[in-house]
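Each chain, letter by letter, is given below.
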Amino acid sequence: MTDAPAAYSGPKRILSGIQASGSLHLGNYLGALKRFVELQDTAPTFVFVADLHAITVWQDPAVLAAQTREIAAAYIASGLDPKHSTIFPQSAVREHAELAWIFNCVARLGWLDRMTQFKEKSGQHKERASVGLYTYPVLQAADILLYRATHVPVGEDQKQHLELTRDIAQKFNNDFSAPGFFPLPEPMIQGPATRVMSLRDGSAKMSKSDPSDLSRINLLDDADAIASKIRKARTDPEPLPDTLEALKARPEADNLVGIYAALADETKAEVLARYAGQGFGVFKPALAALAVEKLGPVTGEMRRLMADPAEVDRVLVAGAERAREAAAPILAETRAKVGFWSAGAG
């Protein structure tokens, strides 16, 4: 019988990020931002803007820079405290790219061939996709392990990438006789709205790239836009059911109930207990009022911060410095284990 791998014994650390491509929406807020805020006092937390990941498909340089600031503003406006959470642009910490190259030489082609997101994003013309898009999950592994993050809040669609990160960590530890050097990070998938669906199609995830603006609630939408989009959200003619089992068979209704539950910090069962038997003529206005109440302060603070880019830049500069301080010694240890030359090394 093979011995179990040595366990990582370092401190708990949390890391996550959002890609700098497209404006943020309700799904990002409920599935990521709100959770980051809830977690930031439980352990050292690193939250980055994934601009290296963004350029795996072409980005307008000016738009990319603006969206980096917009996402940072959303982090702060949602409640992330730059004094407690390290907020930074991924590209400002060069160690991400160097560790990704080392991991490119650890990961196996067969592992990447199994990644379903590449197949979905490249479609029928994968030969036209960038190499960066193919190796995207390896960079993601570097993002996580560069800080020896032990816990990663992710959606269900990223769980496979985190499993790859664990495989890369374990293979590195084995290949370089370094048991427990890198942790095997755990996914944190929880809550009623870890996967918020489109307002126009309950079977599709709410997305920045959806051509229909009615499919999502953007974090910069005003109260009228939010109410209008919820009013126009696709539903069926039946009243809300009284059981979760019946709700699951109705994807659009399930999505709206899940959104209400997440905004109100309730369970879907609690929402159904209040609204079962009532139609969407009653439920949609209640959901719209709740969404405006919860998102209004976030939107207002985002707009204030985006009007003062120097304030956002100060947060990003300070965060990048703190991130480099944490990352540099871990990369130095990694380089030494690989056998890279360094001046004065024995």
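As shown above, the structure is provided for reference.
Residues numbered from 1 in each chain as written. Predicted model: local features only at pLDDT ≥ 70, side-chain atom pairs only at ≥ 80, totals over all residues. Heavy atoms only, no water.

Considering the overall build of the protein
We count it as follows: A run of H or I in DSSP counts as a helix once it spans at least four residues, and a run of E counts as a strand once it spans at least two, with each numbered from the N terminus. Relative accessibility thresholds used throughout: buried, under 20% of the residue-type maximum; exposed, over 50%; partly exposed, between the two (1.4 Å probe, protein chains only). By definition in these notes, contact holds between two residues if any of their heavy atoms fall within 4.5 Å. For accessible areas, the Shrake-Rupley method is used with a probe of radius 1.4 Å. Any residue's cover is judged against the shown protein chains and nothing else. Under this rule, positive means Lys or Arg and negative means Asp or Glu; His and the chain ends count for nothing. Taken as the charge centre is NZ of Lys, CZ of Arg, CG of Asp or CD of Glu, depending on the residue.
What the protein contains, in helices and strands, is 15 helices and five strands. The dimensions of the protein, computed from C-alpha atoms along their principal axes, are 75 × 55 × 40 Å. Buried positions account for 49% of the 346 residues belonging to the protein. For the protein, the share of sequence-separated contacts (at least 6 apart) that also reach a separation of at least 24 residues comes to 76%. Entry remark: accessible area of the protein is about 16200 Å², with carbon and sulfur atoms responsible for 54%. Separation between the mean location of the 39 positive side-chain charges and that of the 42 negative ones in the protein comes to 2 Å.

Section: the pairing of strand β2 (residues 45–50)
Applicable threshold: Paired strands are those between which DSSP finds at least two bridges. When the strands point away from the viewer, a crossover counts as right-handed if the route from the first strand across the helix to the second turns clockwise.
Judged by how many residues are buried, β2 sits mostly within the fold: six of six residues are covered. Side-chain alternation along β2 places Thr45, Val47 and Val49 on one buried face and Phe46, Phe48 and Ala50 on a second face that is also buried. Relative to β2, strand β1 (residues 14–19) runs parallel, the two sharing six bridges. Within the sheet, the bridge partner assigned to Ile14 lies in β2 and is Thr45. Handedness of the β-α-β unit built from β1, helix α1 (residues 26–39) and β2 comes out right-handed. In the sheet, β2 pairs with strand β3 (residues 85–89) via five bridges, with the strands oriented parallel. From the neighbouring strand, Val47 faces β3, where its bridge partner is Ile87.

Description of the environment of Gln117
By secondary structure assignment, the location of Gln117 is in helix α6 (residues 116–122). Classification of Gln117 as buried rests on a relative accessible area of 11%. In sequence terms Gln117 and Asp236 are 119 residues apart; their C-alpha atoms lie 31 Å from each other. Here Gln117 is in contact with Asp157, Gln158 and His161, once residues within four sequence places are set aside.

With respect to the packing of helix α8 (residues 136–145) against helix α9 (residues 159–175)
Geometry of a packed helix pair, given as the angle between the helix axes and the separation of the axes. Stated formally: Structural elements are reduced to axes, namely lines fitted to C-alpha atoms, with helices fitted over the stretch in contact, and the angle between N-to-C directions of any two is expressed from 0 to 180 degrees. Any angle that falls under 35 degrees is termed roughly parallel, while one over 145 is termed roughly antiparallel, one within 65 to 115 roughly perpendicular, and all others oblique. Whether a crossing is left-handed or right-handed is set by the direction in which the near helix is turned from the far one by less than a right angle, anticlockwise for left-handed and clockwise for right-handed. Just so you know the grouping, Ala, Val, Leu, Ile, Met, Phe, Trp, Tyr, Cys and Pro go in nonpolar, Asp, Glu, Lys and Arg go in charged, and all remaining residues, Gly too, go in polar.
Viewed as axis vectors pointing N to C, α8 and α9 meet at an angle of 70 degrees, and their least axial separation amounts to 9 Å. One finds that α8 runs roughly perpendicular with respect to α9. Judged by the sense of rotation from one axis to the other, the crossing of α8 with α9 is right-handed. Between α8 and α9, the contacting residues are Tyr136, Pro137, Val138, Gln140, Ala141, Ile144 and Leu145 on the first element and His161, Leu162, Leu164, Thr165, Ile168 and Ala169 on the second. For the contact of α8 with α9, the class distribution of residues is 10 nonpolar, three polar and no charged.

Examining the environment of His84
Note that His84 resides in the loop between α3 (61–78) and β3. Assessed through its relative accessible area of 48%, His84 is described here as partly exposed. Once the C-alpha coordinates of His84 and Phe46 are considered, the two residues, 38 residues apart in sequence, prove to be 9.3 Å apart. Residues contacting His84, with those up to four places away along its chain left out, are Gln40, Asp41, Thr45 and Arg322.

Examining the packing of α1 against α3
α3 packs onto α1 with a crossing angle of 60 degrees between their chain directions and a minimal axis gap of 9 Å. Taken together, the axes of α1 and α3 lie oblique to each other. The way α1 lies across α3 gives a crossing that is right-handed. Touching Tyr29, Leu33, Phe36 and Val37 of α1 are Ala74, Tyr75 and Ser78, all from α3. Grouping the amino acids of the contact of α1 with α3 by side-chain chemistry returns six nonpolar, one polar and no charged.

Notes on the pattern of salt bridges
The test is simple: A side-chain nitrogen of Lys or Arg and a carboxyl oxygen of Asp or Glu constitute a salt bridge if their distance falls within 4 Å.
All chains considered together, the criterion is met by 15 salt bridges. Salt-bridge contacts for Asp313 lead to Arg69; the nearest nitrogen and oxygen are separated by 2.8 Å. Of this pair, Asp313 sits in helix α15 (residues 309–338) while Arg69 is found in helix α3, placing the two residues 244 residues apart along the sequence. Owing to a relative accessible area of 32%, Arg69 belongs among the partly exposed residues under this scheme. Arg274 is the salt-bridge partner of Glu266, the closest N and O atoms lying 2.8 Å from each other. Judged by its relative accessible area of 39%, Arg274 falls in the partly exposed class. Within this structure, Asp213, Arg216, Asp221 and Lys229 form a network of salt bridges that share partners.

A short note on the side chain of Asn28
Quick note on the threshold: Distance and chemistry together define a polar contact, namely a pair of N or O atoms within 3.5 Å, with one atom able to donate a hydrogen and the other to accept it when in protein, and with adjacent residues in sequence counting only for side-chain atoms on both sides.
Topologically, Asn28 is positioned in helix α1. Engagement of the side chain of Asn28 in a polar contact is seen with the backbone nitrogen of His25, the distance being 2.9 Å.

No statement about biological role is implied by the geometric values presented.
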